[in-house]
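Below, each chain spelled out in residue letters.
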Amino acid sequence: MSDDEKSQNNGDNVETNADDEVQVENPFDMDAGMDFGAAEKRRQRAIRKQKQKEAEQGFVMDGDVQVRKIGSLFDDDPLPPPRPNRKSISAGDADIDQEDKGATAEEMLQTMNEMNDRDRERNTVRVGDKVITKWPYDDYHTVQKEYWEHALEREEQAKLKRQQRQDGSESDSSVSVSSSEGEDDEDFSLSGSDSSESSSSSDSSRSETSAERLERKEAARRERKRLERKARRKAEKKRSKRLNRDTEKEQERRRKLRQKALEEERAAGLHDLKSDIMVFVRPQDPPEIKQAVAGLPLTEFESVAKERAIAVASTWLFDAGLVQELMQTKKVNDKEEDMLENGKKKKVEIKILPLGGDKKNKDQPEKQSGPKRTKMDIEIEKLEKSTRAQLDAINVRLNNGVASSGHEVQELVNSVVSTKGELVKLRETSSMLSNAGDTLDGVSGAAATQTTFAINKYPHLKYAINARRNLQKCFRELAFFSEIPVKCADLKDELQQAEWSEDEMMVIRDVCKEHVQLDIFLKEAEAGMKRQQEADEDDDDDDEKRRRRASVGGGFKRTGFDVGLPHNNDEVDRFLKDHVQIVLELGEEIRQKIRYGIGTSFDLAFNNPANMVALVEGVEIYETANREYQAVHGGAVGFTGMRALALAELYEDMEARCMEVFDNLADTVRVILSLCSCVFVRKVVLTFLVPICNADRRD
Amino acid sequence: MCRFATQIDETDTDDEHLNKLFTAILRGANELSAEITFVSESMASCFPSFWAVDIIWSSCVAHLCSEQILTNMGGIEGENLPNLGMPQLLDLVAWVENFFEVIEENFPDLDIPTATEPRKFKSKPTLLSEDHTNIEIQQAIDSLAWASNILWDAHGLGMEEFLFRTEKQAVELLERFYK
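Small disclaimer: the values here were computed from a predicted structure and weren't measured.

Novice: Explain the overall build of chain A to me, using residue names and the numbers behind them.
Specialist: What chain A contains, in helices and strands, is 25 helices and two strands. When burial is assessed residue by residue, chain A has 10% of its 699 residues classed as buried. Long-range contacts, defined here as pairs at least 24 residues apart, represent 62% of the contacts in chain A between residues at least 6 apart.

So this is what it looks like as structure tokens:
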């Protein structure tokens, strides 16, 4: 064994003694059961016993020496202790002499001691004269190390104080390690800026040496660090506690929210109560705006709008697949709040735009900014766009409605004005009605007399009242009468222009209507003039009698009042002759057209049934007019035979059509027979023409 | 020309000419009777119902067809029927039956009296009223019934002639067979 090794062994022994001393005072003596010194002693004792046994039994080291760490806590040390030299302790070495047996055992023990020392050095920390075992699982040994450092500092400080007291110097209040103010003062004193300190403690500073001052400063710094660490640890503990508390609260809150939503949905019947898995059923689509507002009173508009908004939002959530997100994430709540805020803003922004929409807003592109957009954001944006489009459409319709209602209001005003005028006329007319109590007594007679005019008793006055109206009618009819030739010429032109056109029969029908009116007008004029003539003749007879009675007075003569008017039926006929002739000519032309149309009735009915129907209607117009005229006046209009003409023509046309078929066949057969009768022609035909015709047919 | 040429045959005789003429008449009658359906379905809807266009047309067709057939079959006694060929006889029978079918289809409610005077409508029937403003429906029905009876008589004669000839041919065949 060398001198160095011996000194190391001695050192170790010293250390073990020191360990014993430290362990007595150590409050963090977690390794109390692991007395390394005792273990070492036990180990040496065991070795000694082993040696004695070997000496007694003549032991030969031919096997592995079983070395066991006694009291070691580092079985799972990542750095395994170095193995003993196999060469040096190999038991299979046959060259070992019996004389060297004692020396080899000593070497082996030395090696083991070295090994143990190395292990100890590696797994221990020294603080002053204290040895702290490294804790393999955490940094507790560092805490112990700090503690012992601190304890050593305090011990040193206490020693210093005691020494100072012994030296007779007063204690320096500025060297209070625990006070932060003292530390600051100390710092200041170090910088040399505080002159008061130097002046007040001039005696003590003189007594202190520079080494002591340095030590004091070092101790103060350590104390400060310790306090900082303590405060940090405390704060960290508080923070973790708070975090735990917050998460518990949050979890509780979310659980309650989920429970509440679940109960609400169960109440709304959104999913099956029997199943634990939530199956959401898509809510029904809200009705369209047209149907929703149909017959909606204004007082219920707000509630219906709310229900519709809820329905729109719920269907949107379902369609966009946002129900789960809404149920499970808190984010939606924030988004909903944002939506509500945005909705409020947008509600304020909604206004009736001018016609054509708000072009400025349409032209401006929407800017998207902010953090990453989620699915909810995208869907909200889509919903917003669609809702805005609907609102724009409704806005445009409202504007159109307002614009159109202006016209309607104007029409209403005009109607009111015209109604007022009519009311005035009605009052004037009603003034002619007799009072109820004038003629008949009692209430029952009132209704009967209300329909009779008061001037019924005075026929001449009645004529006078109706004169104005009659005059207007007369002038209108005179104008119509004078326009008859022109009208007939126009109708003829119309017929000619429509000839061979697709709608010829429809034009004929229209012309028939006009012609019937003209015919009826002339008939009425003739009948009216003749009737008037007869009435005048009766009046003339009465006047003649009166004149004879009042021949003395001279009287009144009808001189030139009715000059130019016809005085008998012949004159009436002569007066109307030209016009009647013109109307008859037009009627003849129409008759020809109808006859032609009926003659082609098969083609018309097959190719253009509408024209056929129009032609028949034109024919029936005459019959209807004739029937009505007979009902009113008792006579007949000029053209009464249009249907007879049409029926006769149709019958003849059908017969002719049938005959045409047979005649054609007969002609064909006759030609064939005549050809057959001529032998030469027959041979020519059979030789040349028939083969050619047969060849053509085959082709 | 081709139409005429193809109908000429080297072996044409008078009877065959008569047969061809009769066949042509039956073909024409067939065309006309086919138009009854068209008139009652398409054309009558363009006219007021009291115009009775379909009945007029049917009456015309029946009258003219019966007249033509009677003329070519040798009057009401059917004197020319023995000269007609078997196909013509068959065509006659078939056409009359077809005509009655068409009338029944288009006028299912029309009650055609069977017992009418055969000579009553020898001349052209007057289907219009005196003032020609209305159709005498009853007159038209009577005309149709008369024509139908005539045609039914012709049908009977043709059938009789056909059976007679069939019987004759069968007898001849059997005689040949037994000889």
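Novice: Can you explain the overall build of chain B? Please cite residues and give values.
Specialist: Looking only at helices and strands, one finds five helices and zero strands in chain B. Put simply, chain B runs from its N terminus to its C terminus through helices and strands in the order α-α-α-α-α. Buried residues in chain B amount to 38% of all 179 residues. Looking at chain B alone, contacts between residues at least 24 apart form 79% of all its contacts between residues at least 6 apart.

Novice: Which residues make up unusual backbone geometry, and what values do they have?
Specialist: A positive phi is found at Trp500 of chain A, a non-glycine position, where the angle reads about 65 degrees. Looking at the element boundaries, Trp500 of chain A is found in the loop between helix H19 (484-497) and helix H20 (504-549). Among the residues examined, Trp500 of chain A registers 6 C-beta atoms within 10 Å and is labelled exposed. The backbone of Ala52 of chain B sits at a positive phi, close to 50 degrees, despite the residue not being glycine. Here Ala52 of chain B is to be found in the loop between helix H2 (14-43) and helix H3 (53-72).

Novice: Please provide a residue-by-residue account of H3 of chain B, values included.
Specialist: Residues and elements named next belong to chain B. Here H3 spans 29 Å end to end across 20 residues, near enough to the 28 Å set by a 1.5 Å rise per residue. When you tally the buried positions in H3, you get 17 out of 20 residues, the bulk of the element. Phi for Gly74, located one or two positions after H3, is positive at around 85 degrees.

Novice: Explain the nonpolar core residue by residue, including any values.
Specialist: Core analysis: the biggest nonpolar cluster contains 81 residues, and Val53, Ile56 and Val61 of chain B have the highest contact counts within it. Discounting chain neighbours no more than four positions away, the residues touching Ile56 of chain B are Leu650, Tyr651 and Met654 of chain A together with Leu127, Ile135 and Ala140 of chain B.

Novice: So, the packing of helix H4 (residues 86-106) of chain B against helix H5 (residues 137-178) of chain B: which residues are in play, and what are the values?
Specialist: Residues and elements named next belong to chain B. Put simply, H4 and H5 touch, their axes get as near as 9 Å, and they point 145 degrees apart. The element H4 and its partner H5 pack so that their crossing is left-handed. Residues Met86, Leu89, Leu90, Leu92, Val93, Val96, Phe99 and Phe100 of H4 lie in contact with H5, whose contacting residues are Ser148, Leu151, Trp152, Ala154, His155, Gly158, Met159, Glu161, Phe162 and Arg165. By residue class, the composition of the contact of H4 with H5 is 13 nonpolar, three polar and two charged.

Novice: Give me the lowdown on the environment of Ile594 of chain A, citing residues and values where you can.
Specialist: Residues and elements named next belong to chain A. The topology assignment puts Ile594 in helix H21 (residues 569-599). A residue is classified by how many C-beta atoms lie within 10 Å of it, and Ile594, with 24 of them, is buried. Residues Ile594 and Arg509 lie 85 residues apart in sequence; the distance between their C-alpha atoms is 9.6 Å. If sequence neighbours within four positions are ignored, Ile594 has contacts with Ile508, Leu615, Gly618, Val619, Met642, Leu645 and Ala646.

Novice: Lay out the confidence of the model for chain A in plain terms, naming residues and giving numbers.
Specialist: Of all residues in chain A, 60% have pLDDT values of 70 or greater, and the mean over the chain is 69. Within chain A, helix H6 (residues 180-191) of chain A has the poorest average pLDDT of any element, 41, and H19 of chain A the best, 88.

Novice: Just give me the short version of the packing of H3 of chain B against H5 of chain B, but keep the residues and values in it.
Specialist: Residue and element names in this part refer to chain B. Contact geometry for H3 and H5: axes closest at 9 Å, N-to-C directions at 30 degrees. Viewed along their axes, H3 and H5 adopt a mutual orientation that is roughly parallel. Crossing of H3 against H5: the hand is left-handed. Residues Ile55, Ile56, Ser58, Ser59, Ala62, His63, Ser66, Ile69 and Leu70 of H3 form the contact with H5, whose own contacting residues are Ile137, Ala140, Ser143, Leu144, Ala147, Ser148, Ile150, Leu151 and Ala154. The residue inventory of the contact of H3 with H5, partitioned by class, reads 12 nonpolar, six polar and no charged.

Novice: Kindly report on the environment of Asn113 of chain A, identifying the contributing residues and their values.
Specialist: Residue and element names in this part refer to chain A. Residue placement: Asn113 occurs in helix H4 (residues 101-122). A residue is classified by how many C-beta atoms lie within 10 Å of it, and Asn113, with 19 of them, is partly exposed. Residues Asn113 and Gln44, spaced 69 residues apart in sequence, show a C-alpha to C-alpha distance of 9.8 Å.

Novice: Could you give an account of the pairing of strand S2 (residues 130-133) of chain A, naming the residues involved and the relevant values?
Specialist: For a regular strand, the rule is simple: side chains alternate between the two faces of the sheet. All names here are of chain A. Both strand S1 (residues 124-127) and S2 contribute to a ladder of four bridges, which runs antiparallel. Counted as the bridge partner of Arg126 is Val131 from S2. Hairpin connection from S1 to S2: two residues lie between these consecutive antiparallel strands, with Gly128 at a positive phi of about 60 degrees.

Novice: Which residues make up the confidence of the model for chain B, and what are the values?
Specialist: Residue and element names in this part refer to chain B. On average, residues of chain B carry a pLDDT of 80, and 84% of them reach 70 or more. Across chain B, element-level confidence peaks in H4 with a mean pLDDT of 88 and bottoms out in helix H1 (residues 2-6) with 51. We note a pTM of 0.43 for the whole complex and an ipTM of 0.81 for its interfaces.

What counts, and at which threshold
Residues numbered from 1 in each chain as written. Chains lettered and ligands numbered in written order. Predicted model: local features only at pLDDT ≥ 70, side-chain atom pairs only at ≥ 80, totals over all residues. Helix = DSSP H or I, 4+ residues; strand = E, 2+ residues; numbered from the N terminus. Buried ≥ 20, exposed ≤ 12 C-beta atoms within 10 Å, placed from the backbone. Contact = placed C-beta atoms within 7 Å. Expected span 1.5 Å × (residues − 1). Core = buried A, V, L, I, M, F, W, Y, C linked by C-beta atoms within 7 Å. Axes fitted to C-alpha atoms, helices over the stretch in contact; angles between N-to-C directions. Left-handed = near helix turned anticlockwise from the far one by under 90°. Nonpolar A, V, L, I, M, F, W, Y, C, P; charged D, E, K, R; others polar. pLDDT = per-residue confidence, 0-100. Parallel < 35°, antiparallel > 145°, perpendicular 65-115°, else oblique. Pairing = 2+ DSSP bridges.

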